[in-house]
Amino acid sequence: MTIKDKKLKVLSCLVILLLGMSLVPAASANSASSTIPSIPNAFGGNLKGDAANAGSGLIISAYMDSKLVGSNTLDGDGKYQVAVDGTEQDNGKAITFKLAGVPSQPVSVTYKHGAAPVEVDLTFYGDFVPPIIESLSTSPKFILNDGKDFSAVRAKVVGQPSGAPSVTIDLTPIGQGVTSLKLGDGGLYSCDIKSTVPGKFKFVFTAANPSGSSVMDAESISITILSDSQLASELGGADGVFSPEEIKNLVSNNDVSSGIKYKVLSAYFADALYNAPASAYSAGRTLPSPVIPGQEFQVKVNAKYDAAGQILEKLPAGFTFVRSTLPEKAVNVNGDEVSFLLMGETSFSYTLKAPTSAGDYKITGLLRDINKAESSVTPADCSISVKQPPNGGGGSGGSGGSGGGGAGASQEPQSNVEAKELSQKSVTAGKHIKFDFPKGATCIRYVEFDSKKTLGKVTTIAEMLKGQSKLVSSLPEGKVYKNVNIWVGSGGIANSNNLENAVIGFRVEKAWLEECGADESSLALWNYNKTWSRLETKKVGEDSTYVFFDAKTPGFGCFTIVVPGEKIEIEPIEDTNSPTSENDTNTAEDQEKPSKSRIPGFESTIAVGVLGAVYLLRRK
């Protein structure tokens, strides 16, 4: 290789090296985001005014020319620190401070690039003090993982006067995310925790004021969610088998849900044997007699037992169990045998439906006490007569009075009727008449109106249906609680010529309202008269289980209780490709992005080097 060739090779490498360097981005020496960071202007001092007692977690921010140039989080000690990022070009610019978005009282502070930290006190007025948790509890501590059993969280939280605090619980450990508690009477916040995920959990409770100041409790809400297979090992003895004494302790334990108690009792009594030792306790049954074919009627049971017991009733052939006054989890129907678990109830009733065939039928039953001893439900030889009424008709009749009021007449196919209750009154002109349904067989509590005429003895029937009434073609839009029929008398007597100012009282389960997230004020009773009409409905009271409503109605017949469907607002999607005005203010995120501009003059230096190399090559 000649000397000339060697020089050409060296110059070629130099050109390639210079071209490669020209492709490497470098930060501008004049950029505020230079690779060599500027020294921030730091500020710190005391917080005064309402901010003096501000809680931890609030954000204090600094701005120049309305642009965010620094922020920090308070730790709740009444002081602040914040570093302001700028350049020499920002020297002399005024700095403003905000706490949770609230501007400070005016202060004269300017930016000085690279200056020593500045001590300046800031004064803020606003709701910066965290809410106060006056009480926080959850009960029970142990629940089933069936997705229905629940632990109730209750909290009393006091916030600032400017607005109610936001109160949440983080249910992420059971896959439900952050959930808001509902504000009820007396400033009490509440929610129910239910899950299918077993385990021991602690949930973080947070209360925040509108300003963002908040307080957290990560210890008070602790629950254990158990599967069926864990009940004995967690709550029973060391041997994993419940003894009578352990059953007593379980039943009296307020930390254990009723769902768990019924589940354990069901398994416990399932091991009991017939012809066990005689119990020292007793139970008696009361039956109506006679009943008509197909009639629903109530059986009342009185029982004396220890801390817990079980009633086993064997139904006659053709009789159907309908419902009972005990909780649903306390009742188990297995063919013609019905089990009722008792935990302190001295009496209860259940509803049966008679067969269509007349005759005398026998009901037998057993009481099992906590020691699994047995005794017969008395009378042991208990029979009930099913007889046709003298006129051969069905239903609960009544003699017609003056004006021909007579018995109520249902037009609904009885195969679609889940439950019904009858009420009978004498209707006299000029009187206010009220038909009460005290047994609670349906969700209708009463029907009342002012009578214009004397109609004699009138029977009113309230029917709760299994589904949509067969007498209507459709239902109003929304979520239906119950479909009901109300029949007042017969022959169309319940019209505006005979009565006025009619009101229907009904009830709705709180659990249902909470489950569908319904607002009580949106729920309404609807009446069908060729088309559906929404009736004027108002809340009149509540208890621990139900919310009670009244609705004014122009007549009777088919009704439905509905929560209207929610409209979904579709927000327009922003066009992220649309051009941005040069005057738009950049976000803090945009300001923090490093500049990709290159060092001034660097490209010119490369160009000169390349040209020089070419010139040398030509000379050689």
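Look above for the structure.
Because the structure is a prediction, the values reported are computed rather than measured. (Residues numbered from 1 in each chain as written. Predicted model: local features only at pLDDT ≥ 70, side-chain atom pairs only at ≥ 80, totals over all residues. Heavy atoms only, no water.)

Draft legend 1. Up close: the overall build of the protein. Looking only at helices and strands, the protein features seven helices and 38 strands. Out of the 620 residues belonging to the protein, those deemed buried represent 39%. Pairs at least 24 apart in sequence give 69% of the contacts found in the protein among residues at least 6 apart. Per element, the accessible surface of the protein, about 33,500 Å² overall, is 51% carbon and sulfur. (Helix = DSSP H or I, 4+ residues; strand = E, 2+ residues; numbered from the N terminus. Buried < 20%, exposed > 50% of the residue type's maximum accessible area, 1.4 Å probe, protein only. Contact = heavy atoms within 4.5 Å. Areas by Shrake-Rupley, 256 points an atom, 1.4 Å probe, with all protein chains shown as cover.)

Draft legend 2. A look at helix H3 (residues 244-252). Buried residues of H3: Ile247, Leu250 and Val251, and no others. One face of H3 carries all of its buried residues, which in axial projection span an arc of 95°. Residues of H3 that are buried sit in contact with helix H2 (231-235) and helix H4 (258-270). (Arc of directions from axis to C-beta.)

Draft legend 3. Main features of the pairing of strand S32 (residues 479-488). The buried fraction of S32 is high, at seven of ten residues. Of the strand pairs in this sheet, strand S31 (residues 456-465) and S32 are connected by five bridges, and their pairing is antiparallel. Paired with Ala462 across the strands is Ile486, a residue of S32. Across seven bridges, the pairing between S32 and strand S38 (residues 557-563) is antiparallel. In the sheet register, Asn485 faces S38, and the bridge partner there is Cys558. (Pairing = 2+ DSSP bridges.)

Draft legend 4. Structural context of the nonpolar core. Ile247, Phe297, Ile311, Phe340, Tyr350 and Leu352 are the most contacted members of the largest nonpolar core, which totals 48 residues. Those elements giving two or more residues to this core turn out to be H2, H3, H4, strand S19 (296-304), strand S23 (337-342), strand S24 (347-353), strand S25 (359-368) and strand S27 (382-386). Residues within four places of Ile247 in sequence aside, it is in contact with Phe242, Val264, Leu265, Tyr268, Ala308 and Ile370. (Core = buried A, V, L, I, M, F, W, Y, C linked by side-chain atoms within 4.5 Å.)

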